[in-house]
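# Inside the fold
Residue strings, one per chain:
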Amino acid sequence: SSDVCSSDLQVFSNTTLVAQRVDLVEVVSSLEKLFLPLVKKENISINRKYPLSGSCYVAVNTREFQHVLLNLLNNAIEALIDTNEHERHIEINIIKKDHSAYLSVSDTGKGIDPSMQSSIFNLLNSTRFAGMGLGLWLSQHIIERHKGRLYLSPQPGWSTTFMIELPLND
């Protein structure tokens, strides 16, 4: 929709980030109606490891942040479509540690080739023909605007884990 395009373009302008204090758990929960049907359709099991009533407050532009999260979830879903049905798992994890909130999206897909890992956040780099190029670069750009980090974080038992680290806003 044109609505989404215009919000993408705003990210490139130097407009001040309009962030509000939100509960990370609530932001993720609010997206469930968007990604759960797709996960179900593809026979992917999803493990949501976060408290139902969270108190993990961060300052984000909710729409931009949701954009990043949906991008990571879409990437995870696409990574799983080629795998065995009984091996399709995604986990979303939220934890607080020190002064940061950590939200990870893990999948049991094929993983990202080690030779590609250093360049997956480069603009217009894509490991898929559909072109995830803008997705990860833009996602990282958005998280950095929020004074956070988005990076690959190897986790035992998972092929790929993307970690979002944001300063807590308690």
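From a predicted model like this one, the values you see are computed outputs, not experimental measurements. (Residues numbered from 1 in each chain as written. Predicted model: local features only at pLDDT ≥ 70, side-chain atom pairs only at ≥ 80, totals over all residues. Heavy atoms only, no water.)

### Examining the packing of aromatic side chains
Applying the stated rule across the entire model yields one aromatic pair. With a centroid separation of 6.0 Å and an interplanar angle of 85°, the aromatic rings of F121 and F162 are classed as edge-to-face. Here F162 lies in strand β7 (residues 160-167) and F121 lies in the loop between β5 (100-107) and α4 (133-145), a separation of 41 residues in the sequence. On the basis of relative accessible area, F162 is assigned to the buried category, the value being 5%. Over the ring of Y57 we find R21; its NZ or CZ atom is 3.9 Å from the centre of that ring. (Phe/Tyr/Trp six-rings, centres within 6.5 Å; stacked < 30°, edge-to-face > 60°. Helix = DSSP H or I, 4+ residues; strand = E, 2+ residues; numbered from the N terminus. Buried < 20%, exposed > 50% of the residue type's maximum accessible area, 1.4 Å probe, protein only. Lys NZ or Arg CZ within 6 Å of the ring centre and 35° of its normal.)

### Focus: the confidence of the model for the protein
Across the protein, the average pLDDT comes to 85, with 83% of residues at or above 70. Below pLDDT 50 for its whole length, residues 1-6 participates in one contact with residues either more than four positions away or in separate chains. (pLDDT = per-residue confidence, 0-100. Contact = heavy atoms within 4.5 Å.)

### A short note on unusual backbone geometry
Positive phi is not limited to glycine here, since N43 has a value of about 55°. Assignment of secondary structure puts N43 in the loop between α2 (24-41) and β2 (45-49). Note on N43: relative accessible area 43%, which makes it partly exposed. Despite not being glycine, D98 has its phi angle at roughly 55°, a positive value. In this structure D98 comes out as exposed when scored by relative accessible area, which is 68%.

### Considering the side chain of T108
As for its position among the elements, T108 is in the loop between β5 and α4. Reaching out from T108, the side chain makes a polar contact with the backbone oxygen of E87 at a distance of 2.5 Å. Polar contacts involving the side chain of T108 include one to the main-chain amide nitrogen of H89, which spans 3.1 Å. Apart from residues no more than four positions distant in its own chain, T108 is found in contact with L80, T83, E87, R88, H89, G157, W158 and S159. (Polar contact = N/O pair within 3.5 Å; in protein donor to acceptor, adjacent residues only side chain to side chain.)

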